[in-house]
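# Working through the structure, step by step
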Amino acid sequence: MTAAPGALPEQFDRIRQSIPSTVTLIAVTKFLSVDTIRAAYSRGVRHFGESRVQEAIAKQADLSDLPDITWHLIGSLQTNKARKAVEHFDWIHSVDSLKLAQRLDAIAGELNRVPQCCLQVKIVPDPPKSGLDLAELDALLPELDQLTHLKIRGLMAIPPQGASAATVRDVFFGARGLGDRINQQGFSRLHIDQLSLGMSGDYQVAIACGATMVRLGTILFGARPPSA
Ligand SMILES: *Cc1c(COP(=O)(O)O)cnc(C)c1O
C-alpha cells in the first residue's frame, strides 16, 4: 500500500508534542514536498525551515493560501541570494560573515523589512563548516551592533559531524555562554534571546542545554530523499 501524498510517519505527533512549549519547533522540509508541508501544517506546525532559497520560493508560491507560516532559512546563504532571502524568509539562521550581515541590512532597509537573524557560530573548530569562530565574532560585535535593519537576536551552532556526546554538550553550553557574554557587553541593538541548537540526533541535549529553537527534519518526517 502506498502512503497518501504527504502522509506523515506515525511518530510525528509524539515527537512534536515532546517539544516543550517554550521551545520553537522548526520543521525542516528541505527536499520534501508541499504535500508534506501541508500535512504538518494541518497538525499545527507553523514554523518551517528550508536550506535553499530557490526551493523555498517555489514551495511558498504553492502554499500562499497558508498565511501564517513563519519561514526560516537554515542553510548557508551566498551574498548574491541575500535579496531573495530577505524577501522570502522571516528568519535567517546562517549569518556567518560581516559582509553578509551588512548586505542583508542594506537590503532590509531598502525593502522595509526586518529579518530576524541568528549568527552562525563555531564553538569548537570545524573546518568544513561555515560560521564565525569566537575570535572573529568578538572582533565583529561592535560593527554588527551598528546594523539598524536586521534584528540580530540569536546564535545557531551545529556540532561537528561525528562529535562525541561531550563535544555536543560543549558546543550547546558554549553557545549559551556566548549569548550571555554578548548580552553582558551592553550593546545598544545586539541582544541574544534565541539559541537555535539541535537537530534530529541531538535535540534533547540541546533543549537541556537551553535551546529555544530546534530544527528537526528526519525525526519528524523520516529519511529525506537524496538531494538532487
Ligand atoms: C537539514 C538540517 C537540519 C535538519 O536535520 P535532521 O537531522 O534531518 O533533523 C537542521 N539544521 C540544518 C542547518 C540543516 O541543514
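Note that this is a predicted model, so its numbers are computed, not measured. (Residues numbered from 1 in each chain as written. Predicted model: local features only at pLDDT ≥ 70, side-chain atom pairs only at ≥ 80, totals over all residues. Heavy atoms only, no water.)

Turning our eyes to something else, we now look at the packing of helix α5 (residues 98–111) against helix α6 (residues 134–144). Running from N to C, α5 and α6 cross one another at 15 degrees; their axes reach a closest spacing of 11 Å. With respect to each other, α5 and α6 are oriented roughly parallel. α5 and α6 meet at a crossing whose hand is right-handed. Together, L98, A101 and Q102 of α5 and L140, E143 and L144 of α6 make up the contact between the two elements. Looking at the contact of α5 with α6, its residues break down into four nonpolar, one polar and one charged. (Axes fitted to C-alpha atoms, helices over the stretch in contact; angles between N-to-C directions. Helix = DSSP H or I, 4+ residues; strand = E, 2+ residues; numbered from the N terminus. Parallel < 35°, antiparallel > 145°, perpendicular 65-115°, else oblique. Left-handed = near helix turned anticlockwise from the far one by under 90°. Contact = heavy atoms within 4.5 Å. Nonpolar A, V, L, I, M, F, W, Y, C, P; charged D, E, K, R; others polar.)

What follows concerns the layout of surface pockets. Looking at the largest pocket, its volume works out to about 330 Å³. If you go around the largest pocket, you meet 18 residues; those closest to its centre are K30, I74, I158, M199 and R215. Across the lining of the largest pocket, the residue classes break down as six nonpolar, eight polar and four charged. Reported here for the second largest pocket is a volume of approximately 260 Å³. Residue lining of the second largest pocket: K129, I158, P159, P160, Q161, G162, V168, M199, G201 and D202, and that is the complete set. Class assignment of the residues belonging to the lining of the second largest pocket gives a composition of five nonpolar, three polar and two charged. (1 Å grid on protein atoms, 1.4 Å probe; cavity = no way out; pocket = protein on both sides within 12 Å on 5 of 7 lines; lining within 4 Å. Points joined across faces, edges and corners; volume = space filled by probe spheres on them.)

Our focus in this paragraph is the environment of E110. For E110, the position within the fold is in helix α5. Expressed as a C-alpha distance, the spacing of E110 and V121, which sit eleven residues apart in the sequence, is 27 Å.

This part is about the site of the ligand. Taken together, V28, K30, I74, I158, M199, S200, R215, L216, G217, T218 and R224 form the complete shell of residues around the ligand. In this structure, an oxygen atom belonging to the ligand sits 2.7 Å away from a side-chain N or O atom of K30. A distance of 2.5 Å separates an oxygen atom of the ligand from a polar atom in the side chain of T218. In isolation the ligand exposes 390 Å². Once the protein is present, 87% of that is buried. Counted by class, the shell around the ligand contains five nonpolar, three polar and three charged residues. (Near = heavy atom within 4 Å. Polar contact = N/O pair within 3.5 Å; in protein donor to acceptor, adjacent residues only side chain to side chain. Areas by Shrake-Rupley, 256 points an atom, 1.4 Å probe, with all protein chains shown as cover.)

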